[in-house]
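# Working through the structure, step by step
Residues per chain, in single letters:
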Amino acid sequence: MLTEERKNQVIELTQELVRAKSYSGEEDKAAEVLNKFFKANGFDDVTVDRYGNIIGTINGNREGKAIVFDGHIDTVPVSDESKWKYPPFNAEIHDDKIHGRGTSDMKGAVAAMACAAANFAKDTNKDFPGKIHVAGIVHEECFEGVAAREISKNFNPDYVVIGEASQLNLKIGQRGRGEIKLEVFGKPAHSANPEKGINAVYKIAKIIEEIRKLEPTDHPVLGKGILELTDIKSSPYPGASVVPEYAVATYDRRLLVGETLESVIKPLEELVERMMKEDPELNAKVSYAVGKEMCYTGNEITGERFFPGWLFDEDEDFVQDTYKELKDMGFDPEITQYNFCTNGSHYAGEANIKTIGMGPSYENLAHTIDEYIEIDQLTKVTECYYGIMKALLK
């Protein structure tokens, strides 16, 4: 059990982080909150990389494994503050809950990681093997895992703990996510004489219908590799008295273990190629969307929107060591998988680093109006992170 002093510490740090509004690309104030905490609470080193990720490091007195606790410090925007019961950036406490944007997704977890590391270092007098890195990651809401690549490159962790909400359950996998663009190029004409043009919207509609007939891939644990249309746009827009010469549809593809850039897009490429042979007027292509954003450091972050799925066996030693320690502490986590995409897409899916997820609160509170975190979950996950350090750094 945490002492009252330690409970208050994690509550207050969560509140400070929530009050530091930090939309993607504007995380500097939240990073400064962590910077002050790290320097005041026994961390040996604090670094900020080119994207603005902030990493606090505690060095054990002996050689050993390195563990990264990963939590993103950016949040999705608040579109209308007047719809919130409590102001979204005040971090007010009501009914044993902290209310505000980012409480569950995921500043509460970030605060718990930082406090757990400080507690562990103090209690052990840093007499443990290895290193603890607490990473506040930027731009996760834009593209999962891209900024995290800097962490594995610079710190080479043996283990990663993802702090996304899990209700204190252990997560050992997730479906990934790909964003695919279907583009069709037509020919403009006056809408009074449509036969002189090629209507890109009519053409793309036929392809969309054929895509719906594709059978999704399947995995016995992670489920189906869903391919879902999420938007469609035409050009010119608005199209007054003109046949649209361009149309683009965006698809969200949920990725399973082992699926690659090539294997995912191949069925779509084959379908488009077949349809272009059948229709000489059709000019279409499929590709992955590319994200491009500016960081608060002034640097640009870019990445192809393909974030792999991953899954570890629950019998692996690092999973069972963690599970046993948490059980011994009186917790009863279920070993399961995330339903959404996380930075684990990079650590586990790309870099094959041993990764688990555990966080406070409920998955369905992310991105919602009146987001909150229960203080009981917040204090308990602080204990759990302490237990994970004990289990993996031995």
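All of the points below concern the structure found in this document. (Residues numbered from 1 in each chain as written. Predicted model: local features only at pLDDT ≥ 70, side-chain atom pairs only at ≥ 80, totals over all residues. Heavy atoms only, no water.)

On to the overall build of the chain. Each helix and strand in the chain was counted, giving nine helices and 21 strands. For the chain, whose C-alpha radius of gyration is 23 Å, the value lies close to the compact-globule estimate of 21 Å for 394 residues. Dimensions of the chain, computed from C-alpha atoms along their principal axes, come out at roughly 80 × 45 × 35 Å. Summed over all atoms, the accessible surface of the chain reaches about 17600 Å², with 45% contributed by carbon and sulfur. If the 46 positive side-chain charges of the chain are averaged to one point and the 67 negative ones to another, these points end up 2 Å apart. (Helix = DSSP H or I, 4+ residues; strand = E, 2+ residues; numbered from the N terminus. Rg over C-alpha atoms; globule rule 2.2 N^0.38 Å. Areas by Shrake-Rupley, 256 points an atom, 1.4 Å probe, with all protein chains shown as cover. Lys, Arg positive; Asp, Glu negative; His and termini not counted. Charge placed at Lys NZ, Arg CZ, Asp CG, Glu CD.)

As enumerated under the stated definition, the model contains 27 salt bridges in all. Lys394 is the partner of Asp321 in a salt bridge, and the nearest nitrogen-oxygen pair spans 3.9 Å. Within this pair, whereas Asp321 is found in helix 7 (residues 317-328), its partner Lys394 is found in the segment after helix 9 (375-392), the two being separated by 73 residues in sequence. A single network of salt bridges, built from pairs that share partners, joins Glu144, Arg177, Glu179 and Arg305. (Salt bridge = Lys/Arg side-chain N within 4 Å of Asp/Glu carboxyl O.)

On to the sheet that holds strand 4 (residues 93-94), then. Across the sheet, which stays open at both edges, the three strands sit in the order 4-5-21 with antiparallel pairing between neighbours. Each edge of the open sheet is held by one strand with a lone partner, namely strand 4 and strand 21 (372-374). Lying over the sheet, helix 3 (residues 103-124) contacts strand 5 (97-99) and strand 21, oriented at roughly 50° with respect to strand 21. Across the sheet, helix 9 touches strand 4, strand 5 and strand 21, and the angle it forms with strand 21 is around 65°. (Pairing = 2+ DSSP bridges. Contact = heavy atoms within 4.5 Å. Axes fitted to C-alpha atoms, helices over the stretch in contact; angles between N-to-C directions.)

Relative to the 22 Å expected for 16 residues at 1.5 Å per residue, helix 1 (residues 4-19) spans 22 Å between its end C-alpha atoms, a close match to the ideal helical length. Considered for burial, the residues of helix 1 that qualify are Arg6, Val10, Ile11, Leu13, Thr14, Gln15, Leu17 and Val18. Taken together, the buried residues of helix 1 touch helix 2 (28-40), strand 4, strand 5, helix 3 and helix 9. (Expected span 1.5 Å × (residues − 1). Buried < 20%, exposed > 50% of the residue type's maximum accessible area, 1.4 Å probe, protein only.)

Relative to the helices and strands, Glu32 is located in helix 2. Under the relative-accessibility criterion, Glu32 is labelled partly exposed at 41%. Separated by 15 residues in the primary sequence, Glu32 and Leu17 have C-alpha atoms spaced 9.3 Å apart.

With that settled, consider unusual backbone geometry. Note the cis peptide between Ser235 and Pro236, where omega equals 5°. By the secondary structure assignment, Pro236 is in the loop between strand 12 (227-235) and strand 13 (246-255). With an omega of -5°, the peptide bond running from Tyr237 to Pro238 counts as cis. A positive phi is found at Asp370, a non-glycine position, where the angle reads about 65°. Relative to the assigned elements, Asp370 resides in the loop between strand 20 (354-357) and strand 21.

Moving on, we come to the state of the cysteines. Under the defined criterion, the tally for this structure stands at zero disulfides. The closest cysteine sulfur to the non-disulfide-bonded Cys142 is located on Cys295, 9.1 Å from its own sulfur. In this structure Cys142 comes out as buried when scored by relative accessible area, which is 15%. Take Cys384: it sits in no disulfide, and the sulfur closest to it among the cysteines is that of Cys115, at 14 Å. Overall, the relative accessible area of 1% leaves Cys384 in the buried class. (Disulfide = S-S within 2.5 Å.)

Once that is clear, we can look at the nonpolar core. With 83 residues, the main nonpolar core has Ile67, Phe69, Ile132, Tyr347, Tyr385 and Ile388 as its most contacted residues. Of all the elements, helix 3 adds the most residues to this core, at 13 residues. If near-sequence neighbours (up to four positions away) are discounted, Ile388 is found in contact with Ile67, Phe69, Val161, Thr322, Ile356 and Met358. Of all hydrophobic cores here, the second largest spans 23 residues; its members include Leu182, Val184, Ala249 and Val286. (Core = buried A, V, L, I, M, F, W, Y, C linked by side-chain atoms within 4.5 Å.)

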